[in-house]
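# Structural features, examined
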Amino acid sequence: MARTKLIAGNWKMNMGITDAVDLARSVADKTASNTDVEIAIFPTTLALASVSEAVQGTNVQVGAQNMHNETDGAFTGEISPTMLQSLASMVILGHSERRQIFGETNDFIALKVASAVSNNITPVVCIGETLEQREANETSNILQSQVIAALLHLKDLPAHDMVLAYEPIWAIGTGVNANPDQAESTIAAIRNFLSTRYGSSAADALRILYGGSVNPQNWEDLSSQENIDGALVGGASLKADDFAKLVKTSSSITDLEIDSLV
Ligand code: PGA
């Protein structure tokens with residue numbers, strides 16, 4: 001099953017509006033020819049409106065880094081799916097930083113995932129194990145329970161309206177990526193699990209990204225793995241050239257071909 005690759009840049013708590021708009025324009029510019037890859041950038045909430053305006057009409061989609069599950073109400077500091085709808089087509093949910101630093105529970109994440117899907121915002125649902133869990137051979141169990149928990153309120157697997165991101169916690173921001181075999185076998189196991197639970201056609205259609213210290217040097221080998229459908233990128237997404245290189249690695253359209261058409 002051919003799944004369109006997705007390269008997603010998680011900008012985390014970096015850059016105010018002006019810098020975010022500059023980076024967004026630069027990314028759109030450098031990846032304009034790579035129309036066979038889906039590209040999404042996730043600026044801070046503050047910059048969402050300006051960034052989404054800046055990339056309008058380009059290949060680049062805009063996503064949010066978080067949201068609340070409710071549409072409105074007394075939730076100081078939060079932002080709702082309906083507020084995001086006109087600004088973002090995707091939202092990162094269950095990122096390990098939200099889980100670990102801000103104490104987000106599986107229950108809360110499950111409510112958000114269901115809310116994103118029903119509000120037509122594609123959730124990029126993050127799962128991942130700690131180093132201790134990997135060393136104790138608990139990776140499969142941990143990932144399966146995270147998947148079950150995140151999908152708790154959904155009857156079926158929304159294969160075309162959701163993306164899963166496998167991000168081993170030990171690989172995030174550490175410079176140590178999962179090697180291609182580790183990433184591929186772990187993601188293949190997740191897909192296999194989804195297949196037994198939701199059927200093979202849904203599991204085959206769902207995109208599963210790898211995230212954790214992806215950079216232009218290691219992406220080529222990771223990207224060529226059968227089950228890795230793209231990347232969720234932190235650090236390397238903050239430099240337009242690096243991010244564009246990741247996109248180009250996953251694209252079958254070369255700039256040479258584009259030049260020869262002009
Ligand atoms: P990193 O972050 O690429 O800097 O490791 C990935 C992420 O947190 O999504």
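My aim in this report is to walk through the structure given alongside it, one point at a time. Predicted model, so just to flag it, every value in this text is computed and none were measured.

## A short note on the pairing of strand E5 (residues 122-127)
Extensive coverage of E5 is indicated by the burial of six of its six residues. Burial along E5 is two-sided: the residues Thr122, Val124 and Cys126 and Pro123, Val125 and Ile127 are all buried. Taken together, the four bridges between strand E4 (residues 90-93) and E5 define a ladder with parallel strand orientation. Residue pairing in the sheet places Met90 in a bridge with Thr122 of E5. The pairing of E5 with strand E6 (residues 163-166) spans four bridges and is parallel. Note on E6: the bridge partner recorded for Val125 is Leu164.

## Focus: the environment of Ser213
With respect to the helices, strands and loops of the structure, Ser213 is situated in the loop between strand E7 (207-211) and helix H10 (219-223). Ignoring sequence-local partners within four residues, the contact set of Ser213 consists of Ala171, Gly173, Thr174, Gly175, Val176, Asn177 and Asn218. A polar contact is formed between the side chain of Ser213 and the backbone oxygen of Ala171, at a distance of 2.6 Å.

## A short note on the nonpolar core
Counting residues in hydrophobic clusters, the biggest one holds 68 residues, and the most contacted among them are Ile7, Ile41, Leu84, Leu164, Ile190, Leu194 and Tyr210. Tallying contributions element by element places helix H1 (residues 17-30) first for this core, with six residues. Each residue touching Ile41, except ones within four places of it in the same chain, is listed here: Gly9, Trp11, Ala24, Val27, Val51, Val55, Val60, Gln61, Val62, Gly63 and Phe243.

## Remarks on the site of the ligand
With respect to spatial proximity, 13 residues lie near the ligand, and among them Lys12, His95, Glu167, Gly173 and Ser213 are the closest. Lys12 is positioned with one of its side-chain polar atoms (N or O) 2.7 Å from an oxygen atom of the ligand. Side-chain polar atom of His95 to an oxygen atom of the ligand: 2.7 Å apart, as the coordinates give it. Protein chains bury 95% of the 280 Å² of accessible surface belonging to the ligand in isolation.

## Examining the side chain of Arg99
Relative to the helices and strands, Arg99 is located in helix H4 (residues 96-101). Notably, Arg99 is buried but unbridged: the nearest opposite-charge side chain belongs to Glu104, and the N-O separation is 7.3 Å. Side-chain polar atoms of Arg99 contact the backbone oxygen of Gly94, separated by 2.8 Å. Looking at Arg99, its side chain comes within polar contact range of the side chain of Asn106, at 2.9 Å. Contacts of Arg99, omitting those with residues within four sequence positions, involve Gly94, Glu104, Asn106, Ile109, Cys126, Ile127 and Gln146.

## Some points on the packing of aromatic side chains
For the structure shown, the criterion picks out one aromatic pair. The aromatic ring of Phe102 is capped on one face by Arg98, whose charged end is 4.2 Å from the ring centroid. For Lys112, the ring lying beneath its charged end belongs to Phe108, and the centroid distance is 4.3 Å.

## Brief notes about helix H5 (residues 106-118)
Taking 1.5 Å as the rise per residue, H5 with 13 residues should run 18 Å; its terminal C-alpha atoms sit 18 Å apart, in good agreement. Residues of H5 that are buried make contact with helix H3 (81-84), E4, H4, E5 and helix H7 (139-150). Positioned one or two residues after H5, Asn120 has a phi angle of 60°, which is positive.

Quick notes on the rules
- Residues numbered from 1 in each chain as written.
- Predicted model: local features only at pLDDT ≥ 70, side-chain atom pairs only at ≥ 80, totals over all residues.
- Heavy atoms only, no water.
- Buried < 20%, exposed > 50% of the residue type's maximum accessible area, 1.4 Å probe, protein only.
- Helix = DSSP H or I, 4+ residues; strand = E, 2+ residues; numbered from the N terminus.
- Pairing = 2+ DSSP bridges.
- Contact = heavy atoms within 4.5 Å.
- Polar contact = N/O pair within 3.5 Å; in protein donor to acceptor, adjacent residues only side chain to side chain.
- Core = buried A, V, L, I, M, F, W, Y, C linked by side-chain atoms within 4.5 Å.
- Near = heavy atom within 4 Å.
- Areas by Shrake-Rupley, 256 points an atom, 1.4 Å probe, with all protein chains shown as cover.
- Lys, Arg positive; Asp, Glu negative; His and termini not counted.
- Salt bridge = Lys/Arg side-chain N within 4 Å of Asp/Glu carboxyl O.
- Phe/Tyr/Trp six-rings, centres within 6.5 Å; stacked < 30°, edge-to-face > 60°.
- Lys NZ or Arg CZ within 6 Å of the ring centre and 35° of its normal.
- Expected span 1.5 Å × (residues − 1).

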